[in-house]
Amino acid sequence: KVTIRINGKNFLADSEETILQVARNNNIEIDTLCFVKDCMGTQECNVCRVEDLNNNSLIRACATKAYEGLNINTNSKLVQMGKKKVITDLLNNHNLKCYTCKRVSNCEFLELVKKTEAKLHKRKDFSREEYQEDLRSKSISLDRSKCLRCGRCVSACREKSGTEIIKFNDISGEIFVGPENLKCFDSTNCLLCGQCVAACPVGALTEKSHLEKVVDALNNNEKHVIVAMAPSVRTALGEIFKLEMGTDVTGKIYSAMREIGFKKVFDVNFAADITILEEGTELIERIKAGGPFPMFTSCCPGWVRYVENYVPEAIPHLSSAKSPQQIFGAASKSYYPFLENINPEDVFTVSVMPCVAKKFESERPEMENNNIRNIDAVLTTRELGELIKKYGIKFENLNDSEVDPMMGTYTGAGTIFGVTGGVMEAALRSVKDILENNSLENVDYKIVRGFEGLKEATVTIDGNNYNVAVISGGKTISKFFSENMIKNKNYHFVEFMACPGGCINGGGQPYVTPMEKENKDYKNLRGEVLYSQDKNSNLRKSHKNQAVLDMYENFVNKEEHLHHHLFHTTYTNR
Ligand code: HC1
Ligand code: SF4
Ligand code: SF4
């Protein structure tokens, strides 16, 4: 341990810790643009420089380790002047168009511009082709004229997705971030998980917007516009409206959706319960037939892209069940028109997702039935926040309301899909009951909960042992294949999610600031909301969802193979 002095106070520190870590541990804020917990950027943005009072010089807080006698000031005149110069340089290279920027209310750079009172001196010429906004991807937009070259996306992609798709590219002497040769994300091996988007401090990397499509549909009297949100939206949207992290805003979201004018407010959790029935049946068939094992979940489109792009030989392991988003979409264009006696072509289905890959998934050519798209538009949690603001709704003051039950009723099992391990737990609850012909009281599988990248368990079903695993984060997915766990481990069923921690930490969720990442256990706070909804729910098993059972009885089971036609899909070997 060493003693260092920060702003006149002594602190005990580990000599392995950087000045920045010591400061953050003690709640002293040091501005930085490139450094975020778990994904260090370039370590070269120079914003975090502090004054070394022993030498009257500026040193980088993120790159200097603590040592005995170090005496620094984080806000001296020298620090302020140095920071202003750095921000001015960045400002001269930044295409300042805050009035149309999605990040205007939470831009880390704009905060620093205000704080340092930096002024734009000479606007850069942004006419080069590389500076035109890249809107080719179905999931991710990239405006390089706003990029600060801080490297947070590069590092997030490496550390979280494990793919190293996004890089610094030197093109005729200038540095541009993006996939190699600035290819479209979709035509690379990118997972489209959006962890790079979540790491960007400015509006350079954002989701591909579907807001306009949704507003146009809402304004079109001929369209019957309906909406449903994913499990993990309800645990995070409140953050945009300054509610405590970990506030359950399910009822407020339903109210906001009605005020916006959606004809019906449904829930993707309803479809998560259907996924369990379809995927569970597939697992039961494999169990009865003695394989092939392991079976893989298929509800995360980032994970599905991983399999298709990197390990196509593993495609047969994927469950053929569509994701809850797509199952919901398929039901919205078949069962729902049947119930309402309307033309399926008049229905416009919007899903709200914590995810940017879901946009790509909704546009996959196979995601339609009878030439009608399953899902018409996908909003991220952040975009729903924007939409609520656009309609002038005071979200924090809304009362709770209820979901429209026919395609909205859900069980606790459907809710926990949004956190790593949830799909596995939901599946085990139903598969065990069905195979043992029982209604078991103990439904908690705590062994598959928690945020480690790889979790393993052995469960006994009808007298036999089955090995299951739960994997989240692209980096752990790569490890699974590089260590050949598909063969070396005797797994029967494996859940995969591309984002570390699952959808609660998806690339479309509200931004978490670097300081919050340091001080709040945000994944846990978000996950707890889902687990407590599940715990307090009187129905905790997907196969007990009466609205789902009604759908099968009155519609799906009336036609042979209809469930397969609507709710299953195939994958591509690219
Ligand atoms: Fe997910 Fe899923 S849990 S994939 O993370 O299976 O996006 O929340 O909606 O489809 O249900 C996402 C979340 C989501 C699907 C479900
Ligand atoms: Fe990397 Fe994911 Fe971003 Fe693709 S979407 S560049 S895999 S972080
Ligand atoms: Fe999307 Fe969830 Fe998969 Fe992340 S884990 S890519 S949020 S579906």
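A brief look at the structure comes next. (Residues numbered from 1 in each chain as written. Chains lettered and ligands numbered in written order. Predicted model: local features only at pLDDT ≥ 70, side-chain atom pairs only at ≥ 80, totals over all residues. Heavy atoms only, no water.)

So, about the sheet that holds strand β6 (residues 57–60). Taken in spatial order, the five strands make up an open sheet running β2-β1-β7-β5-β6, and their pairing is mixed. At either margin of the open sheet sits one strand with a lone partner, and together these are β2 (9–13) and β6. Strand after strand, the sheet turns through a mean of 40° between neighbouring axes, direction not considered. Sheet analysis places strand β5 (residues 49–52) next to β6, joined by four bridges and oriented antiparallel. In the sheet register, Val-50 faces β6, and the bridge partner there is Ile-59. Seen against the sheet, helix α2 (residues 77–92) touches β5, β6 and β7 (71–73) and runs at an angle of roughly 150° to β5. (Pairing = 2+ DSSP bridges. Helix = DSSP H or I, 4+ residues; strand = E, 2+ residues; numbered from the N terminus. Axes fitted to C-alpha atoms, helices over the stretch in contact; angles between N-to-C directions. Contact = heavy atoms within 4.5 Å.)

For the rest of this paragraph, the subject is the environment of Phe-266. Here Phe-266 shows up in strand β13 (residues 264–267). With 40 residues separating them in the primary sequence, Phe-266 and Ile-226 have C-alpha atoms 7.4 Å apart. With near-sequence residues (within four places) excluded, Phe-266 lies in contact with Ile-226, Val-227, Ala-228, Met-229, Tyr-254, Phe-328, Tyr-336, Val-403, Asp-404, Met-406, Met-407 and Gly-408.

Summed over the entire model, instances satisfying the criterion amount to zero disulfides. The structure places no disulfide on Cys-150, whose sulfur is separated from the nearest cysteine sulfur, that of Cys-153, by 6.3 Å. A disulfide-free cysteine, Cys-153 has its sulfur positioned 6.3 Å from the sulfur of Cys-147, the nearest such atom. (Disulfide = S-S within 2.5 Å.)

A few words now on the sheet that holds strand β14 (residues 295–296). The strand order across the open sheet formed by four strands is β14-β21-β20-β19, and the pairing between neighbours is mixed. At either margin of the open sheet sits one strand with a lone partner, and together these are β14 and β19 (454–461). The pairing of β14 with strand β21 (residues 493–497) spans two bridges and is parallel. Among the inter-strand pairings, Phe-296 is bridged to a residue of β21, identified as Val-494. Where helix α16 (residues 474–482) meets the sheet, it contacts β14, β19, β20 (464–472) and β21, and its direction lies at approximately 130° from that of β20.

Moving on: the site of ligand 2. Taken together, 14 residues surround ligand 2, and among them Cys-157, Cys-190, Cys-193, Gly-194 and Cys-196 come closest. Looking at the shell around ligand 2, the elements that each hand over two or more residues are α4 (152–161) and α5 (195–199). For the shell around ligand 2, the per-class residue count stands at ten nonpolar, four polar and no charged. (Near = heavy atom within 4 Å. Nonpolar A, V, L, I, M, F, W, Y, C, P; charged D, E, K, R; others polar.)

Cis rather than trans, the peptide bond between Gly-291 and Pro-292 has omega equal to -5°. You can see Pro-292 is positioned in the loop between α8 (268–289) and β14. Looking along the chain, the bond that leaves Phe-293 and enters Pro-294 is cis, with omega of -10°. Within the fold, Pro-294 resides in the loop between α8 and β14. The phi dihedral of Arg-149 falls on the positive side, at around 60°, and the residue is not glycine. Relative to the helices and strands, Arg-149 is located in the loop between β8 (140–142) and α4. Residue classification places Arg-149 among the partly exposed residues on the basis of a relative accessible area of 24%. A positive phi is found at Asp-462, a non-glycine position, where the angle reads about 50°. (Buried < 20%, exposed > 50% of the residue type's maximum accessible area, 1.4 Å probe, protein only.)

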